Amino acid sequence: NGISATTPFYYVPTLKAAPTIVKSGGTVTLSGVHFAANSTVSLSDCETYNLPPANTDSNGTFTVNISVNGPSGPCTVTAQDYWTGLYVSTTFIIES
């Protein structure tokens, strides 16, 4: 009958921190997926609010390591895609 329909499919960015519990002075790996390809993602956290940006690959993924130096308690990191403006957050726990 020649009728067709299409529906756009959009990925929602996600951000994960590993490990989810880390001692102050340790390192956390942030992994992001479904961001814009070959783009820049700004990162802010509970202490510095000014982490270096991450660069995504051709699949829209990135991985960065951050040093954790802060008081005990939850730390929320936010990643915002410069291209789309979308942002997501993840939380890990800092132990003394």
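Remember, predicted model here, so these are calculated numbers, not experimental data.

Peer 1: Hey, could you go over the sheet that holds strand E8 (residues 87-95) for me, with residue numbers and the actual values?
Peer 2: Strand pairing in a sheet takes place through backbone hydrogen bonds and is either antiparallel or parallel in direction. In spatial order, the strands read E2-E8-E7-E4-E5; together these 5 strands make up an open sheet with mixed pairing. With partners counted over all chains shown, the strands left at the sheet margins are strand E2 (21-23) and strand E5 (51-55), one partner each. Strand after strand, the sheet turns through a mean of 30° between neighbouring axes, direction not considered. Direction of pairing for strand E4 (residues 40-44) relative to E5: antiparallel, over a ladder of 3 bridges. The partner of Val41 across the bridge, within E5, is Ala54.

Peer 1: Tell me about the nonpolar core, and name the residues and values.
Peer 2: Core analysis: the biggest nonpolar cluster contains 20 residues, and Val28, Leu30, Leu43, Phe62 and Phe92 have the highest contact counts within it. Of all the secondary-structure elements, those providing two or more residues to this core are strand E1 (14-18), strand E3 (27-33), E4, E5, strand E6 (62-67), strand E7 (73-81) and E8. In this structure, Val28 is in contact with Ala17, Ala18, Pro19, Val22, Val64, Asn65, Ile66, Val68 and Phe92, ignoring residues within four places of it in sequence.

Peer 1: A description of unusual backbone geometry should follow, citing residues and the corresponding values.
Peer 2: Here the residue pair Ala18 and Pro19 is connected by a cis peptide bond, since its omega of -5° sits within 30 degrees of zero. Relative to the assigned elements, Pro19 resides in the loop between E1 and E2. Positioned with a positive phi, His34 is a non-glycine residue whose angle comes to about 70°. As for its position among the elements, His34 is in the loop between E3 and E4. With a phi close to 50°, Asn38 is a non-glycine residue in the positive phi region. As for its placement among the helices and strands, Asn38 is situated in the loop between E3 and E4.

Procedures and definitions
Residues numbered from 1 in each chain as written. Predicted model: local features only at pLDDT ≥ 70, side-chain atom pairs only at ≥ 80, totals over all residues. Heavy atoms only, no water. Pairing = 2+ DSSP bridges. Helix = DSSP H or I, 4+ residues; strand = E, 2+ residues; numbered from the N terminus. Axes fitted to C-alpha atoms, helices over the stretch in contact; angles between N-to-C directions. Core = buried A, V, L, I, M, F, W, Y, C linked by side-chain atoms within 4.5 Å. Buried < 20%, exposed > 50% of the residue type's maximum accessible area, 1.4 Å probe, protein only. Contact = heavy atoms within 4.5 Å.

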